[in-house]
Amino acid sequence: MTPELDQPYRLACLELHGGNLAGAFSVELPGLMGWVSCRPLGTSQRGGDLYYLSACSQGVIARVALADVAGHGEVVCSAAVRLRDALREHVDHWDQSMLIRQLNDSFLKGTEDSQFATAFLTSFYRETGELLFTNAGHLPPLWYRAARKEWSLLLDSTPYSKEIADLPLGLIAGTSYNQTAVQLEVGDLLLLYTDGISESWDASGQQLGLKRLLSIARGLPVGSAAAAGQGLLSAIERFRGSVPRADDETVVALERRAEAV
């Protein structure tokens, strides 16, 4: 397993970092601090959860993708290549719609040798604090709005969506997915996760589900992405008690950081 790093890993311009290897680390992206934990089920070092983080050539756009592939082994490796290649091709594009159209055909629907995948993709524009996101059948992230000290689920239907000039929002042509924009303020947090988190079971046979997950989020530390992400995993362990994990678990925590003056 990749060790927990003492210092955040800083993404270079045009770098694409990630995969499905077990590990936990902090990472610095344009305008964001992040923390990633990937825990495949059992003793495997690689699972069906995929995460990728990238920075554009000018250091102003950060992109994060979290996906869950139905399959293992070569199925996941093949899906990872398609996701990685598409993200690299569009690393400098603020608008995600072309990327989503490409992934809709090459990744999300699967091919003859792979099964269905879900994904959450988000792009952050450092200079304005605007966040684009597309949820392709994935679970909704947890969103902490620091000014209101409030947790909620980040949904396509969020009342906090905004318009961005010259950027196509709403339904992406040729797909069933939407591109939505919100404003991320300094101190706001996003917690992306896979279904190994939300579909955890406790000893009484109760599944966690989104309602309980949101309730757990309200008790999480919010001082940093790492604190929130680690707190979430600890809370899930307490919820499960003696019940073993039943699936891969991946969490990607993001915090909008204050820019140096």
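Analysis parameters
Residues numbered from 1 in each chain as written. Predicted model: local features only at pLDDT ≥ 70, side-chain atom pairs only at ≥ 80, totals over all residues. Heavy atoms only, no water. Helix = DSSP H or I, 4+ residues; strand = E, 2+ residues; numbered from the N terminus. Rg over C-alpha atoms; globule rule 2.2 N^0.38 Å. Buried < 20%, exposed > 50% of the residue type's maximum accessible area, 1.4 Å probe, protein only. Contact = heavy atoms within 4.5 Å. Areas by Shrake-Rupley, 256 points an atom, 1.4 Å probe, with all protein chains shown as cover. Lys, Arg positive; Asp, Glu negative; His and termini not counted. Charge placed at Lys NZ, Arg CZ, Asp CG, Glu CD. Salt bridge = Lys/Arg side-chain N within 4 Å of Asp/Glu carboxyl O. Phe/Tyr/Trp six-rings, centres within 6.5 Å; stacked < 30°, edge-to-face > 60°. Pairing = 2+ DSSP bridges. Core = buried A, V, L, I, M, F, W, Y, C linked by side-chain atoms within 4.5 Å. Axes fitted to C-alpha atoms, helices over the stretch in contact; angles between N-to-C directions. Parallel < 35°, antiparallel > 145°, perpendicular 65-115°, else oblique. Left-handed = near helix turned anticlockwise from the far one by under 90°. Nonpolar A, V, L, I, M, F, W, Y, C, P; charged D, E, K, R; others polar.

Draft legend 1. Region of the structure containing the overall build of the protein. When helices and strands are counted, the protein shows five helices and 14 strands. For a compact globule of 261 residues, the expected C-alpha radius of gyration is about 18 Å, and the protein comes in at 17 Å, within 12% of that figure. Of all 261 residues assigned to the protein, the portion counted as buried reaches 55%. Residue pairs at least 24 apart in sequence account for 66% of intrachain contacts in the protein once pairs closer than 6 positions are excluded. When the accessible area of the protein is evaluated, it comes to approximately 11,400 Å², of which 52% is carbon and sulfur surface. Here the protein holds 22 positive side-chain charges and 31 negative ones, and the gap between their average locations is 5 Å.

Draft legend 2. Quick look at the pattern of salt bridges. Using the criterion set out here, one finds nine salt bridges in the structure. Across the pair Glu249 and Arg240 runs a salt bridge whose closest N-O atoms are separated by 2.5 Å. Arg240 shares its class with Glu249; the two are buried. Among the charged side chains, a salt-bridge network with shared partners connects Arg39, Glu237, Arg240 and Glu249.

Draft legend 3. Up close: the packing of aromatic side chains. One pass over the structure, following the stated rule, counts five aromatic pairs. On the numbers, 6.2 Å between centres and 45° between planes, the contact of Phe25 with Tyr51 is tilted. Of this pair, Phe25 sits in strand 3 (residues 23-29) while Tyr51 sits in strand 5 (residues 46-55); the two residues are 26 residues apart in sequence, bridging distant segments of the chain. Across this residue pair, the class does not change: Phe25 and Tyr51 are buried. Judged by centre distance (5.9 Å) and plane angle (90°), the ring pair of Trp143 and Tyr160 falls under edge-to-face. With Trp143 in strand 9 (residues 142-145) and Tyr160 in the loop between strand 10 (150-153) and strand 11 (170-171), the pair connects residues that are 17 residues apart, well separated along the chain. The class of Tyr160 is partly exposed, set by a relative accessible area of 31%.

Draft legend 4. Broad picture of the side chain of Asp195. Summarising the element assignment, Asp195 is placed in helix 3 (residues 195-198). Buried within the structure, Asp195 lacks any salt-bridge partner; its nearest side chain of opposite charge belongs to Arg245, at an N-O separation of 10 Å. With residues up to four places along the chain from it excluded, the contact list for Asp195 reads Asp68, Leu139 and Asp247.

Draft legend 5. Broad picture of the pairing of strand 9. Of the two faces of strand 9, both are covered, the one formed by Leu142 and Tyr144 as well as the one formed by Trp143 and Arg145. Pairing analysis gives four bridges linking strand 9 to strand 10, with the strands arranged antiparallel. Along strand 10, the bridge assignment pairs Leu142 with Leu153. Hairpin connection between strand 9 and strand 10: a loop of four residues separates the two successive antiparallel strands, and Lys149 in this loop has a positive phi of roughly 50°. In terms of strand pairing, strand 9 meets strand 13 (residues 189-193) through three bridges, oriented antiparallel. The residue bridging Leu142 from the neighbouring strand is Leu191, located in strand 13.

Draft legend 6. Geometry of the nonpolar core. If you look at the biggest cluster of nonpolar residues, it comprises 26 residues, and the most contacted ones within it are Trp35, Leu142, Trp151, Leu191, Leu213 and Leu232. Those elements that provide at least two residues to this core are strand 9, strand 13, helix 4 (209-217), helix 5 (225-240) and strand 14 (249-256). With eight residues, helix 5 is the largest single contributor of residues to this core. Apart from the residues lying within four places of it in its own chain, the contact partners of Leu232 are Leu191, Leu213, Ile216, Leu220 and Val251. One finds Val27, Leu29, Val64 and Leu192 within the second-largest nonpolar core, a separate group that totals 25 residues.

Draft legend 7. Fine view of the packing of helix 1 (residues 74-89) against helix 2 (residues 97-108). Relative orientation of the contacting elements helix 1 and helix 2 amounts to 165°, with a least axis distance of 10 Å. As summarised for this structure, helix 1 and helix 2 are arranged roughly antiparallel, according to the angle between their axes. Two packed elements cross with a definite hand, and for helix 1 against helix 2 that hand is right-handed. In this structure, helix 1 contributes Ala79, Arg82, Leu83, Ala86, Leu87 and Glu89 to the contact, and helix 2 contributes Leu99, Gln102, Leu103, Ser106 and Phe107. Here the residues of the contact of helix 1 with helix 2 are counted per class, giving seven nonpolar, two polar and two charged.

Draft legend 8. Highlighting unusual backbone geometry. Positive phi values are uncommon outside glycine, yet Leu14 reaches one of about 70°. For Leu14, the location among the structural elements is in the loop between strand 1 (9-10) and strand 2 (16-21).

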